[in-house]
Amino acid sequence: MKKSYKIEVDCANCANLMEQAAKKTPGVKDAAVSFMALKMTVEFEDGAEPAAVMKDVLKACRKVEPDCEIFM
Amino acid sequence: MNKKQKKVLYRILIAAALLVLANVLPLPFPASCILYAVSYLTIGWDILRKAALGIANRQVFDENFLMAVATLGAIALAVADRSGDFNEAVAVMLFYQIGELFQSIAVGKSRRSIASLMDIRPDCANLETDGGIVETDPEEVPVGSVIVVQPGERIPIDGTVIEGSSGIDTAALTGESVPRDVTVGDEVISGCINLSGVLRVRTTREFGESTVSKILELVENSSSRKSRSENFISKFARIYTPAVCCSALALALLPPLARLMLGMAPAFGTWAYRALTFLVISCPCALVISIPLSFFAGLGGASREGILIKGSNYLETLSKVKTVVFDKTGTITKGVFEVSGVHHHEGKDEELIEYAAHAECASSHPISQSLRRHYGKEPDRSRVRDIEEISGHGVTATVDNVSVAAGNDKLMRRLGVEYIPCHSAGTVIHVALDGKYAGHILISDVEKENICEALKALREAGVEKTVMLTGDVESAAKQVAEHVGVDEYHSELLPGDKVEKVEAMLRELGSGKLAFVGDGINDAPVLSRADIGIAMGALGSDAAIEAADVVLMDDNPMKIARAIKISRKCLRIVYENIVFAIAVKLGCLLLGALGFAGMWAAIFADVGVMVLAVLNAMRALKTR
């Protein structure tokens with residue numbers, strides 16, 4: 001399953017870091033962050049609960065970029 | 001400016017005012033220190049916080065870290081020197097924040113101007129219900145309901161016109177500025193703007209399946225497929241910052257140690273200052289911000305002209321295309337049959353067409369349709385008597401008391417009329433009037449008017465070879481190929497053979513890339529096999545949008561060259577920015593290391609390069 005979320009982030013490099021962090025989160029099969037469109041597209045693994053996984057994704061992203069925001 | 005940016009602006013103003021006060025007021029030593037400290041913390045607290053969080057989360061090397069170390073280092077030096085001059089630390093932080101603010105405004109602005117190009121999302125649909133017309137969210141309109149589109153409104157959902165007629169502006173989808181006329185029974189596509197009359201439309205799809213949603217999805221996801229250049233930058237940033245930090249450390253320690261060994265004064269202070277300057281210069285923001293921005297602008301500029309490119313990686317491939325392979329039908333030719341000539345007729349051509357069109361007036365065969373289209377008027381049925389259709393042969397009829405026979409060779413033989421065979425490729429309709437041969441009408445798939453120019457434009461855009469593939473017989477293929485001027489053609493191919501041909505060409509190809517252009521019908525395997533698949537005339541065809549990497553919304557062949565030109569320009573800008581930013585950085589690093597450039601110069605270089613790179617990136621939006 002694929003879902004996309006609106007995000008807020010200040011710099012392109014931070015967006016890259018968020019992408020890396022999201023990719024490593026359990027339950028996430030693949031993730032892509034578009035800095036220009038301010039969008040994060042997340043592909044979940046089968047059986048993963050998107051809402052729960054996204055909480056972890058946000059936590060992981062906050063670690064690399066304290067100011068970021070994901071609108072769920 | 002948004003709230004966050006305004007907050008930063010106020011902080012900048014307050015910190016700047018405090019800094020001025022600290023310099024102007026004749027305060028004794030400790031008091032001025034407090035003023036400096038307040039100013040420094042006002043402007044830099046978030047940077048320090050982020051740097052600390054970064055260290056705590058083991059994400060040490062980023063811009064915040066660089067700035068924190070550089071400014072704290074400058075303060076430490078000022079304390080060590082007992083100079084009490086904290087101007088430098090505060091000013092560097094101040095300029096860094098001004099640069100960041102400027103960058104965030106510039107990027108936000110560019111993002112909005114690009115996004116507005118693709119703003120084809122309809123806000124609401126006027127749904128007809130028992131209780132009158134209700135404004136509804138397009139997503140909630142079921143298939144088969146009736147919506148009303150007022151002049152000036154965007155058509156929200158694909159459907160069929162059931163009442164009214166109007167011109168619709170398809171520019172947002174195709175880049176074509178001439179409005180298209182629609183009337184009852186015509187299909188209308190969502191995303192177009194209704195220009196003149198009120199239309200009642202019966203929806204044929206849900207909003208999510210409508211053209212406008214498909215296009216938006218495609219455009220919005222396009223920047224997530226990253227190009228090699230973008231990947232290069234993110235890798236670059238990952239090794240760059242640690243490398244710079246190590247170099248700075250080396251710069252601070254090695255020269256003084258060397259001087260010690262040579263018996264000179266170590267001058268730790270000077271070298272520490274140079275190392276800090278080095279750190280300030282090294283922020284890589286110009287690169288990491290301008291490259292994605294260039295690609296985004298390129299994709300945006302292309303989509304404004306009705307060229308949808310599915311990702312930056314395809315934009316990059318497109319710029320390297322050296323060979324363009326065409327599937328003949330629908331790309332070089334129109335894919336519709338038209339009268340292309342009247343031969344061996346002694347009178348006027350129109351006369352023969354008129355007889356044939358009348359004789360065929362009752363038939364719904366595609367050939368008779370194209371005859372009628374060419375005739376231009378609706379045949380007058382009262383002039384026609386005794387129509388007899390002979391299946392597989394043609395028709396005979398009496399038109400204005402002249403007996404007309406129109407059909408193929410077999411019909412002529414059956415009627416015992418001597419006919420002249422045709423040399424050209426296409427479908428031939430022989431016409432006999434009162435039992436005497438009167439010539440034949442040639443109906444064929446005609447070439448697009450501007451195909452020759454389009455091939456020329458391709459060559460000008462740097463394409464070295466054009467190839468035509470077709471299922472037609474050799475003679476027909478040769479005629480078309482020679483006329484439009486492709487370099488190579490292959491005829492009598494089955495759909496499977498086309499894949500093989502393209503694969504063979506891919507093997508021969510060196511470093512250049514191969515693009516395959518098709519109309520999206522029956523050629524999905526080839527579209528996906530080529531380095532880059534371009535589908536033409538895709539408006540309303542889901543299969544084509546699905547299979548291709550580049551989608552041309554209308555069927556104008558000139559757009560292929562446009563797409564390549566746009567991609568070349570975009571990539572040139574990307575390389576310009578990479579080279580420019582790295583060159584300026586390296587130059588400044590060298591000057592900083594040798595002590596020619598101070599921290600002030602460093603911060604100006606950083607902001608300046610970033611601004612120029614962003615402005616340069618925005619050029620990708622417009623290609624002449």
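No experiment lies behind these values; they were computed from the predicted model shown.

Asker: Got a minute to help me understand the overall build of chain B in this structure?
Answerer: The helix and strand tally for chain B stands at 20 helices and 22 strands. A globule of 624 residues ought to have a C-alpha radius of gyration of about 25 Å, yet chain B, at 35 Å, is considerably larger. A principal-axis box enclosing the C-alpha atoms of chain B has dimensions of 120 × 65 × 40 Å.

Asker: For this particular structure, what's the right way to read the overall build of chain A?
Answerer: In terms of regular secondary structure, chain A is built from two helices and four strands. Each helix and strand of chain A, placed in order from N terminus to C terminus, yields the pattern β-α-β-β-α-β. The C-alpha radius of gyration computed for chain A amounts to 11 Å, which stays within 12% of the reference 11 Å derived for 72 residues, consistent with globular compactness. Along the longest, intermediate and shortest principal axes, the C-alpha atoms of chain A span 35 × 20 × 20 Å. Counting the 72 residues in chain A, one finds 43% classified as buried. Relative to all contacts within chain A whose residues are 6 or more apart in sequence, the contacts with residues 24 or more apart total 59%.

Asker: Hey, could you run me through the domain arrangement of chain B in this one?
Answerer: Structurally, chain B comprises domain 1 (142-205), domain 2 (307-334 + 449-569) and domain 3 (336-447). Put simply, the middle of domain 1 of chain B and the middle of domain 3 of chain B, counted by C-alpha atoms, are 37 Å apart.

Asker: Teacher, can you tell me more about the confidence of the model for chain A here?
Answerer: As a note on interpretation, predicted positions should not be read in detail where pLDDT is low. Of the residues in chain A, 96% have a pLDDT of 70 or more, and the chain-wide mean is 83. Averaged pLDDT values over the elements of chain A bottom out at 81 in helix H1 (residues 12-24) of chain A and peak at 88 in helix H2 (residues 50-64) of chain A.

Asker: Would you explain the packing of helix H14 (residues 451-460) of chain B against helix H19 (residues 558-594) of chain B in this entry?
Answerer: Helix packing geometry: the angle between the two helix axes and the distance between the axes. All names here are of chain B. As a packed pair, H14 and H19 sit with axes 8 Å apart at the nearest point and diverge in direction by 15 degrees. One way to sum up the angle between H14 and H19 is to call them roughly parallel. Both H14 and H19 take part in a crossing whose hand is left-handed. Here H14 contributes Glu453, Ala454, Ala457 and Leu458 to the contact with H19, which in turn contributes Met558, Ile560 and Ala561. Looking at the contact of H14 with H19 residue by residue, the class counts come to six nonpolar, no polar and one charged.

Asker: Explain the sheet that holds strand E15 (residues 402-407) of chain B here, please?
Answerer: Hydrogen bonds between backbone atoms are what pair the strands of a sheet, whose relative direction is either parallel or antiparallel. Residue and element names in this part refer to chain B. Strand order in the open sheet made by the six strands is E12-E17-E16-E15-E14-E13, with antiparallel pairing throughout. Pairing within the sheet leaves two strands with one partner each, and these edge strands are strand E12 (333-343) and strand E13 (384-390). Taking the axes of each pair of neighbouring strands and ignoring which way they run, one obtains an average angle of 20 degrees across the sheet. In this sheet, strand E17 (residues 436-447) lies alongside E12 in antiparallel orientation, the contact comprising seven bridges. Paired with Val342 across the strands is Ile441, a residue of E17.

Asker: Any chance you could explain the sheet that holds strand E2 (residues 132-136) of chain B here in plain terms?
Answerer: Strands sit in the order E2-E1-E3-E9-E4-E7 (chain B) across an open sheet of six strands; the sheet is antiparallel. What marks the edges here is a single partner per strand, and that holds for E2 and strand E7 (187-188) of chain B.

Asker: Is there a simple way to think about helix H20 (residues 599-618) of chain B in this case?
Answerer: It helps to recall that an α-helix has 3.6 residues per turn; residues three or four apart then point in one direction. With 20 residues, H20(B) ought to run about 28 Å at 1.5 Å a step, and its terminal C-alpha atoms sit 29 Å apart, in line with that. Within the span of H20(B), buried status applies to Met599(B), Ala602(B), Ile603(B), Ala605(B), Asp606(B), Val607(B), Val609(B), Met610(B), Ala613(B), Val614(B), Ala617(B) and Met618(B).

Asker: Would you explain the nonpolar core in this entry?
Answerer: Grouped burial of nonpolar side chains is what soluble globular proteins tend to show. Among the nonpolar cores identified, the biggest contains 167 residues, and Met18(A), Val90(B), Val92(B) and Ile534(B) are the most heavily contacted of them. Among the elements that line this core, the one with the most residues is H19(B), at 14 residues. Inspection of this core shows a minimum of three residues originating in each of domain 1 (142-205) and domain 2 (307-334 + 449-569) of chain B. Not counting the four nearest positions on each side in its chain, Met18(A) is found in contact with Val9(A), Val33(A), Cys61(A), Val64(A), Glu65(A) and Cys68(A). By size, the runner-up hydrophobic cluster in this structure holds 27 residues, among which are Tyr355(B), Ala359(B), Val399(B) and Ile441(B).

Asker: Help me understand the packing of helix H7 (residues 228-261) of chain B against helix H8 (residues 268-281) of chain B in this model?
Answerer: Residue and element names in this part refer to chain B. Two elements in contact, H7 and H8, have axes separated by 8 Å at closest approach and are oriented at 165 degrees. Taken together, the axes of H7 and H8 are roughly antiparallel relative to one another. Judged by the sense of rotation from one axis to the other, the crossing of H7 with H8 is right-handed. Here Val244, Ser247, Ala248, Leu251, Ala252, Pro255 and Pro256 of H7 lie close against H8, whose contacting residues are Phe268, Trp271, Ala272, Arg274, Ala275, Phe278 and Leu279. Split by residue class, the contact of H7 with H8 holds 12 nonpolar, one polar and one charged.

Asker: What is the right way to look at unusual backbone geometry in this model?
Answerer: Residues apart from glycine generally show negative phi values, whereas peptide bonds are mostly found in trans. Residues and elements named next belong to chain B. The phi dihedral of Asp400 is positive, around 50 degrees, even though this residue is not glycine. Its location among the elements puts Asp400 in the loop between strand E14 (394-399) and E15. Looking at Asp400, the number of C-beta atoms within 10 Å reads 12, which means it is exposed. A positive phi angle, near 50 degrees, is found at Asp434, a position not held by glycine. Of note, Asp434 is situated in the loop between strand E16 (427-433) and E17.

Asker: Teacher, can you tell me more about helix H3 (residues 63-81) of chain B here?
Answerer: The terminal C-alpha atoms of H3(B), which comprises 19 residues, lie 27 Å apart, in line with the 27 Å expected from a rise of 1.5 Å per residue. Restricting attention to buried positions, one finds in H3(B) the residues Glu63(B), Asn64(B), Phe65(B), Leu66(B), Met67(B), Ala68(B), Ala70(B), Thr71(B), Gly73(B) and Ala74(B).

Asker: Just checking my understanding: could you explain the pairing of strand E9 (residues 199-203) of chain B for this structure?
Answerer: Looking along a regular strand, one sees the side chains alternate between the two faces of the sheet. Residue and element names in this part refer to chain B. Taking every second residue as pointing to the same face, the buried face of E9 carries Leu199, Val201 and Thr203, while none of Arg200 and Arg202 on the other face is buried. Where strand E3 (residues 146-149) lies against E9, four bridges are found, and the strand directions are antiparallel. Within E9, the residue paired with Ile147 across the bridge is Val201.

Asker: Before we go on, may I ask you to explain the environment of Asn64(B) in this structure?
Answerer: All names here are of chain B. When you line up the elements, Asn64 lands in helix H3. For Asn64, a count of 23 C-beta atoms within 10 Å gives the class buried. Setting aside residues up to four positions removed in sequence, Asn64 forms contacts with Ile47, Lys50, Ala51 and Gly54.

Parameters and conventions
- Residues numbered from 1 in each chain as written.
- Chains lettered and ligands numbered in written order.
- Predicted model: local features only at pLDDT ≥ 70, side-chain atom pairs only at ≥ 80, totals over all residues.
- Helix = DSSP H or I, 4+ residues; strand = E, 2+ residues; numbered from the N terminus.
- Rg over C-alpha atoms; globule rule 2.2 N^0.38 Å.
- Buried ≥ 20, exposed ≤ 12 C-beta atoms within 10 Å, placed from the backbone.
- Contact = placed C-beta atoms within 7 Å.
- Domains from an automatic or database assignment.
- pLDDT = per-residue confidence, 0-100.
- Axes fitted to C-alpha atoms, helices over the stretch in contact; angles between N-to-C directions.
- Parallel < 35°, antiparallel > 145°, perpendicular 65-115°, else oblique.
- Left-handed = near helix turned anticlockwise from the far one by under 90°.
- Nonpolar A, V, L, I, M, F, W, Y, C, P; charged D, E, K, R; others polar.
- Pairing = 2+ DSSP bridges.
- Expected span 1.5 Å × (residues − 1).
- Core = buried A, V, L, I, M, F, W, Y, C linked by C-beta atoms within 7 Å.

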